[in-house]
Every structure is written in C-alpha cells, then in structure tokens.
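Here's the letter readout for the chains.
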Amino acid sequence: QVQLVESGGDLVQPGGSLRLSCAASGTIFGIKPMGWYRQAPGKQRELVASITSGGSTNYADSVKGRFTISRENGKNTVYLQMNSLKPEDTAVYYCNVVIGFRSYWGQGTQVTVSS
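Here's a quick rundown of the structure.

## Some remarks on the state of the cysteines
Right, so step 1: This model, assessed by the stated rule, comprises one disulfide.
Right, so step 2: Covalent S-S linkage joins Cys22 and Cys95, the inter-sulfur distance amounting to 2.0 Å. What sets the handedness of the Cys22 and Cys95 disulfide is the S-S torsion sign, and at about -85° it is left-handed. One end of the pair, Cys22, is in strand S3 (residues 18-26); the other, Cys95, is in strand S9 (residues 91-99), and 73 residues separate them in sequence.

Right under this line is the structure:
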C-alpha cells in the first residue's frame, strides 16, 4: 500500500543541472526517512543522498557540494537538485522510503550526462 513515483530524469550536457522529484503515497503515518540511490550499468546500486524525518542529510562523497536533497515541508516528498553534472553521474536514479524495517522503491528515472 506504498507507492513512490520519481520524475525529472533527462539527457543533459556535462556541467548542466537537473532536479529530480519523488512523492511517496499510500498508507504512511508520519514523516519517514527517504533517500536517492543510483545504479549505473554493470554497477551496484549506491546511496546518493538521504534525509531523515528531522531534516538531517547525508551525501555520498562523490556528490558533496554538487547535489542537494530536500523535503517538501511536512510531506513524504523529496527532491534532488543536481548541479555541475558529470558523465559519471549517468545512472538510473531510484527513490526510497523506510517505514519501520521495510524499504520501498520507486520505478527509477534515467539521468544521462553526455556531450
């Protein structure tokens, strides 16, 4: 009874910017920890950024200073502002929400950084 929908992925040139959105819906009581993960071809899925119910954030070293995760106030809706994009950022980006001991995933949105 929990669904996540991501949007905002696109093809952009190196140095460009994108903003990804993710909305969690369904039977969710209260604000939950959420995050963005990504998976490139032939690679394992990795954490990009996360945000707690209290607003604390965490970032992978590879995106610090370039990406910003934020939350719609009082909602299980998050965004990922991606600046100064690099070809190595190319991946499918997945949204995640943690409810108790369970994790739920969105369908993914493709981000391609290429000249």
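## Things to note about the nonpolar core
Nonpolar side chains in soluble globular proteins generally cluster together in the buried interior.
Right, so step 1: Leu4, Met34, Trp36, Leu80 and Tyr93 are the most contacted members of the largest nonpolar core, which has 30 residues in total.
Right, so step 2: Breaking this core down by element, the ones donating at least two residues are strand S1 (2-7), S3, strand S4 (34-39), strand S5 (46-51), strand S7 (67-71), strand S8 (77-82), S9 and strand S11 (109-113).
Right, so step 3: If you tally residues by element for this core, the top one is S9, at five residues.

## Describing the sheet that holds S7
Right, so step 1: In spatial order, the strands read S1-S3-S8-S7; together these four strands make up an open sheet with antiparallel pairing. Each edge of the sheet is formed by a strand with only one pairing partner; in this case those strands are S1 and S7. For this sheet, the mean inter-axis angle between neighbouring strands, taken without regard to orientation, is 15°.
Right, so step 2: Direction of pairing for S1 relative to S3: antiparallel, over a ladder of six bridges. By the bridge assignment, Glu6 is partnered in S3 with Cys22.

About the thresholds
- Residues numbered from 1 in each chain as written.
- Predicted model: local features only at pLDDT ≥ 70, side-chain atom pairs only at ≥ 80, totals over all residues.
- Heavy atoms only, no water.
- Disulfide = S-S within 2.5 Å.
- Helix = DSSP H or I, 4+ residues; strand = E, 2+ residues; numbered from the N terminus.
- Core = buried A, V, L, I, M, F, W, Y, C linked by side-chain atoms within 4.5 Å.
- Buried < 20%, exposed > 50% of the residue type's maximum accessible area, 1.4 Å probe, protein only.
- Pairing = 2+ DSSP bridges.
- Axes fitted to C-alpha atoms, helices over the stretch in contact; angles between N-to-C directions.

So far we have only geometry, and geometry alone does not tell us how the molecule works.
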